[in-house]
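# A look at the structure
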Amino acid sequence: MENKIIYWSVVNFNIWIFYMAATNEGLCFVGSLNGEFTELAEWAQKKLVQCKLLQNDTLLQPYKEQFIEYFSGKRKSFTFPIEFHGTPFQQSVWLELTKIPYGSTYSYSDIANFLQKPNSVRAVASAIGANPVLITIPCHRVIGKNGKLTGFRGGLEMKEELLKLENIHLSSTISC
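From a predicted model like this one, the values you see are computed outputs, not experimental measurements.

## Quick look at the pattern of salt bridges
Within the structure shown, the criterion is met by 8 salt bridges. Note that Arg-153 is salt-bridged to Glu-39, the shortest N-O span being 2.7 Å. Here Arg-153 is found in the loop between strand 6 (142–143) and helix 6 (156–165), whereas its partner Glu-39 is found in helix 1 (residues 37–47), with 114 residues between them in sequence. According to the relative accessible area criterion, Arg-153 is partly exposed, its value standing at 28%. Among the salt bridges present, the one from Arg-141 reaches Glu-166, with a minimum N-O distance of 2.8 Å. Taken together, the residues span a long stretch of sequence, with Arg-141 in the loop between helix 5 (121–129) and strand 6 and Glu-166 in the segment after helix 6 at a distance of 25 residues.

Structure (structure tokens):
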């Protein structure tokens, strides 16, 4: 996909500050908490060769509004379109993640089992780590089999805050 325009903006609501981006087809990227613009630019260059990044706060306003509703506790799911950029396997994992209910957590092996690939836990974890649309595709709801927080592209602090927002109380301490 050459010369595609990716529109971007910044979401800034209380502690939540991150870059987001969309094409005409839907949301395609959500950055890390307090992440840099370079995170978006590097992702875009890898996934959409010769894309053009263009700031457009107006076009992204409907996306921002749903995020603000989510952070305010008024929304539990998102209704805007998403444009996936990943391998077919990654996309199958991300689609499975969208089925995790708000306020619930599953393990990496749960996801592998749902995909009927129980021996693919590492591949599932890798696909989850490549999720470009944080929060919307709720990879923050995937934790270790032992109940501990594990890796998250947005950082463990962001993952912990998202789980707290959804009122998920983990009995264990954070681990890497």
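There is more to say after this.
## Quick word on the sheet that holds strand 1 (residues 5–13)
Spatially, the 4 strands line up as an open sheet ordered 3-2-1-4, and their pairing is mixed. Lying at the two open borders of the sheet, with one neighbouring strand each, are strand 3 (26–30) and strand 4 (52–55). Neighbour to neighbour, the strand axes of the sheet diverge by 35 degrees on average, direction disregarded. Note that strand 2 (residues 16–23) and strand 3 share 4 bridges and pair antiparallel. Residue pairing across strands places Met-20 opposite Val-30, the latter belonging to strand 3. Packing of helix 2 (residues 57–71) onto the sheet brings it into contact with strand 1, strand 2, strand 3 and strand 4, and relative to strand 1 it is tilted by some 40 degrees.

## Here's the deal with the packing of aromatic side chains
Summed over the entire model, instances satisfying the criterion amount to 18 aromatic pairs. Ring geometry for Phe-67 versus Phe-71: centroids 6.2 Å apart, planes at 35 degrees, classification tilted. Separated by 4 residues within a single helix, Phe-67 and Phe-71 lie in helix 2, roughly one turn from each other. No difference in accessibility class separates Phe-67 from Phe-71, as the two residues are buried. With 5.4 Å between their ring centres and 45 degrees between their planes, Tyr-70 and Phe-78 make a pair best called tilted. Assigned by exposure class, Tyr-70 and Phe-78 land together as buried. Grouped by ring-pair contacts, the aromatic residues Phe-13, Trp-16, Phe-18, Tyr-63, Phe-67, Tyr-70, Phe-71, Phe-78, Phe-80 and Tyr-102 constitute a single cluster.

## Overview of the nonpolar core
One finds Leu-27, Phe-67, Phe-71, Val-93, Leu-97 and Ile-135 to be the most contacted residues of the largest nonpolar core, which totals 41 residues. Among the elements that take part in this core, helix 2 stands out by supplying 5 residues, more than any other. Each residue touching Leu-97, except ones within four places of it in the same chain, is listed here: Ile-111, Ile-128, Ile-137, Pro-138, Cys-139 and Val-142.

Scoring rules and cut-offs
Residues numbered from 1 in each chain as written. Predicted model: local features only at pLDDT ≥ 70, side-chain atom pairs only at ≥ 80, totals over all residues. Heavy atoms only, no water. Salt bridge = Lys/Arg side-chain N within 4 Å of Asp/Glu carboxyl O. Helix = DSSP H or I, 4+ residues; strand = E, 2+ residues; numbered from the N terminus. Buried < 20%, exposed > 50% of the residue type's maximum accessible area, 1.4 Å probe, protein only. Pairing = 2+ DSSP bridges. Axes fitted to C-alpha atoms, helices over the stretch in contact; angles between N-to-C directions. Contact = heavy atoms within 4.5 Å. Phe/Tyr/Trp six-rings, centres within 6.5 Å; stacked < 30°, edge-to-face > 60°. Core = buried A, V, L, I, M, F, W, Y, C linked by side-chain atoms within 4.5 Å.

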